[in-house]
Amino acid sequence: MLGNLFLNARYRNFPPAQRSPSRRAGTQLHMRGVLLCIIAMSKVARSMRIAIQGSGMAAASCAQRLSKAHEVTVFESGRGPGGRMSTRRAGAYQWDHGAQYFSPKTEQFARAVEEWCANGWCDAWDGDHCVWSAETGVSRDPKASGVKRYVGTPGMNAICKGLLAGIDARFETLTLTN
């Protein structure tokens, strides 16, 4: 039996009045919903055609996991993958305009990051993390010591590109709604 599913794996930005208690909590709730969707699908059908809207970290992770058992197509309105981990280019310059770095907080995420480092998609970042105050100016952040930080290489979107390798990803697409 061939089933169809459309999954919107983008992070939701709620209006201020409806905003979740914290951005992290909202992201965790959204990812929990995506994970439950993956689990339910794996038990329901053996072969499904799945469309995923967006190509950020959540969408790329879902696409990679689902592509092991299903036919997955990713639709992205931008020119390339990344979502909030996008890298922009202009001439000889490039810059990350979303996430500057990330830090694994769980053992499971740390293992995934190790795999990404081995694939060359990211690397440890040992730059100084500083804060600014009117009294002292710029100084090292005392809360930042001992925290491992990582960046995508050569840009933050390298992780999403790597996760989407071998998956049908269509860029500069529009989503039509009624």
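Residues numbered from 1 in each chain as written. Predicted model: local features only at pLDDT ≥ 70, side-chain atom pairs only at ≥ 80, totals over all residues. Heavy atoms only, no water.

J.: Is there a simple way to think about unusual backbone geometry in this case?
T.: Leaving glycine out, the prevailing phi sign among residues is negative, and the prevailing peptide bond configuration is trans. Look at the link from Thr153 to Pro154: it is a cis peptide, with omega at 5°. In this structure, Glu172 is a non-glycine residue whose phi angle is positive, near 55°. Its location among the elements puts Glu172 in the segment after strand E10 (168-170). (Helix = DSSP H or I, 4+ residues; strand = E, 2+ residues; numbered from the N terminus.)

J.: What is the right way to look at helix H3 (residues 107-119) in this model?
T.: Every α-helix carries 3.6 residues per turn, so stepping three or four residues along brings you back to the same face. In a regular helix each residue adds 1.5 Å, so 13 residues correspond to 18 Å; H3 covers 19 Å between its end C-alpha atoms and thus fits that length. Among the residues of H3, Ala110, Val113 and Trp116 are the ones counted as buried. Buried residues of H3 fall within an arc of 115° about the axis and therefore sit on the same side. Exposed and facing more than 90 degrees away from the buried side of H3 are Glu107, Gln108, Glu114 and Ala118. (Expected span 1.5 Å × (residues − 1). Buried < 20%, exposed > 50% of the residue type's maximum accessible area, 1.4 Å probe, protein only. Arc of directions from axis to C-beta.)

J.: I'm lost on the nonpolar core in this one. Help?
T.: Soluble globular proteins: nonpolar side chains tend toward being buried together. In this structure, Ile52, Ala63, Val72, Val74, Phe102, Trp116 and Ile159 are the most contacted members of the largest nonpolar core, which totals 24 residues. Taken together, the elements giving at least two residues each to this core come down to strand E2 (47-53), helix H2 (57-66), strand E3 (71-75), H3, strand E9 (149-152) and helix H4 (158-163). Ranked by residue count, the leading element in this core is H2, at five residues. In this structure Phe102 touches Phe109, Val113, Trp116, Cys122, Lys148, Arg149, Tyr150, Val151, Met156 and Ile159, once residues within four positions along its chain are discounted. (Core = buried A, V, L, I, M, F, W, Y, C linked by side-chain atoms within 4.5 Å. Contact = heavy atoms within 4.5 Å.)

J.: Can you help me understand the pattern of salt bridges in this one?
T.: Where charged atoms of side chains with opposite charge meet at close range, the side chains can pair. If you walk through the whole model with that rule in mind, you get two salt bridges. Residue Arg140 pairs with Asp128 through a salt bridge whose shortest N-O separation is 3.2 Å. One end of the pair, Arg140, is in strand E8 (residues 137-140); the other, Asp128, is in the loop between strand E6 (122-125) and strand E7 (130-133), with twelve residues separating them in the sequence. What makes Asp128 partly exposed here is its relative accessible area of 48%. The salt bridge partner of Arg170 is Asp168, with a shortest N-O separation of 2.8 Å. Here Asp168 falls in the partly exposed class, since its relative accessible area comes to 33%. (Salt bridge = Lys/Arg side-chain N within 4 Å of Asp/Glu carboxyl O.)

J.: Looking at this structure, how should I read the packing of aromatic side chains?
T.: In this description, a pair of aromatic rings is defined by centroid distance and the angle of the planes. Taken as a whole, this structure holds five aromatic pairs when the rule is applied. Ring centres of Tyr101 and Trp125 lie 5.6 Å apart, and the angle between their planes is 25°; on these two criteria the pair is classed as stacked. Of the two residues, Tyr101 is situated in the loop between strand E5 (93-96) and H3 and Trp125 in strand E6; the sequence distance between them amounts to 24 residues. Their ring planes at 40° and their centres at 5.9 Å tell us that Phe102 and Phe109 sit as a pair that is tilted. Classification of Phe102 as buried rests on a relative accessible area of 12%. (Phe/Tyr/Trp six-rings, centres within 6.5 Å; stacked < 30°, edge-to-face > 60°.)

Any functional reading would require information beyond the geometric quantities listed.
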